[in-house]
Amino acid sequence: MSEDELYPRLKAYEGRSASASGVGKDPVNEPMIRHWCEVMGDRNPAYEGPDAIAPPTMLQAWTMGGLSGHTGRTGAHDELFALLDGAGFAAVVATDCEQAYLRPLRPGHRITFDSVIETVSPRKTTKLGTGYFVTTRMDIRADGELAGTHRFRILKYAPAAGRRPGPRRPRPVVNRDNAGFWEGVAGHRLLIQRCASCARLRFPWLLGCGACGSAEWDTVEAEGSGTVYSYVVMHHPRFPAFGGADEGPDGVDADGGPYAVGLIELAEGVRMVSNVIGVPYDKVRIGMPVRLEFMRADEELELPVFRVAGAG
């Protein structure tokens, strides 16, 4: 089907509902805020005490359905994707998300949300292949008042000639705020932001310092050692692109069988999420010493991972 025939049909879905009204499974609550702040290492006093607010970046967390999911996706969403699949644009990759924060969320707020197919781009040619960018906007309300918006954009594409659609790991979102981190990874350097005003280290990369609010910063290179602060074992879904990276001693099946994802506390004091390799997934333990290394996931993507000290 030519672009002239397909695009008007795709564009007709703009503005149509992608999901019926959803309800957050829990109200905004202090335990979730505390867990989030502990994992992120965010000690901003605004997130605790009798007048606490939730970190704005938790916006989407209150809408998540967990393993049981949410019901209510509309036919328009499925029809649009079926139309793209049928025209040969069956591969998909997430490209970026944008959030806008309109009012603070506080413990006790009840969350409702709905989403709309906001835009479908004209046909674009990318390194991956030719396809269409589809943007969905979710409006999130607290006690009935609009609290924020979450835009999620994907590319539905036909893989370029000679390029297989999978298995490939999802691409990280690289933008002006974190491009320096990924440039460091490309050079086998793990860079941590350091506030130019109070010298506090922070990770992941952020626009401003959570301690003093300064927007000025530089970087320090991580020494590379750390410990497993916490971890989970991913059993499902089994995704082949996550298998075979370090097969054998790590117990990772080639079809993406169980693997360990750790929250690693670096020697510098910040924490980051990455794979724990070097031992079978069921042998990973809290407190294990690990060492940074860089793993090539495919011809384009290299990632920082952590090998259990003494393994391999």
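Residues numbered from 1 in each chain as written. Predicted model: local features only at pLDDT ≥ 70, side-chain atom pairs only at ≥ 80, totals over all residues. Heavy atoms only, no water.

Another aspect to go through is the sheet that holds strand β8 (residues 201-202). Backbone-to-backbone hydrogen bonds join strands into a sheet, with any given pair of strands oriented parallel or antiparallel. On the basis of which strands lie adjacent, the open sheet formed by three strands has the order β8-β7-β9 and antiparallel pairing. Bordering the open sheet on either side are β8 and β9 (217-221), each of which pairs with just one other strand. (Pairing = 2+ DSSP bridges. Helix = DSSP H or I, 4+ residues; strand = E, 2+ residues; numbered from the N terminus.)

Right, let's talk about the sheet that holds strand β14 (residues 302-308) for a bit. Strand order in the closed barrel formed by five strands is β10-β11-β12-β14-β13, with mixed pairing between adjacent strands. Averaged over all adjacent pairs, the angle separating strand axes in this sheet is 50°, with direction ignored. With six bridges connecting them, strand β11 (residues 259-266) and strand β12 (residues 271-277) associate as antiparallel partners. Across the sheet, residue Gly262 finds its bridge partner in β12, namely Ser274. Against the sheet, helix α4 (residues 179-186) engages β13 (289-296) and β14, with an angle of about 65° to β14. (Axes fitted to C-alpha atoms, helices over the stretch in contact; angles between N-to-C directions. Contact = heavy atoms within 4.5 Å.)

So, on to the pairing of β14. The buried count for β14 comes to seven of seven residues, which makes it a mostly enclosed element. Burial along β14 is two-sided: the residues Glu302, Pro304, Phe306 and Val308 and Leu303, Val305 and Arg307 are all buried. Sheet topology note: the β12/β14 ladder contains two bridges and is parallel. By the bridge assignment, Ile277 is partnered in β14 with Arg307. Sheet topology places β13 next to β14; seven bridges connect them, and they run antiparallel. Bridge assignment links Phe294 to a residue of β14, and that residue is Pro304. (Buried < 20%, exposed > 50% of the residue type's maximum accessible area, 1.4 Å probe, protein only.)

Considering every residue of the chain, the mean pLDDT works out to 88; 90% of them sit at 70 or more. For the chain, the element scoring lowest by mean pLDDT is strand β1 (residues 17-23), at 85; strand β7 (residues 191-195) scores highest, at 97. pLDDT under 50 marks residues 244-252. Its contacts with residues more than four places away, or in other chains, come to 25 contacts. (pLDDT = per-residue confidence, 0-100.)

What follows concerns the pattern of salt bridges. According to the stated counting rule, one finds 18 salt bridges in the structure shown. As a salt-bridge pair, Glu14 and Lys11 come within 3.0 Å of each other at their nearest N and O atoms. For Lys11, a relative accessible area of 38% gives the class partly exposed. Of the charged contacts, one joins Arg151 and Glu118 as a salt bridge, the two residues approaching to 2.7 Å between their closest N and O atoms. Highlighted residues: Arg151 in strand β6 (residues 145-159) and Glu118 in strand β3 (residues 111-120), separated in sequence by 33 residues. Salt bridges linked by common partners bring Glu118, Arg137, Asp139 and Arg151 together as one network. (Salt bridge = Lys/Arg side-chain N within 4 Å of Asp/Glu carboxyl O.)

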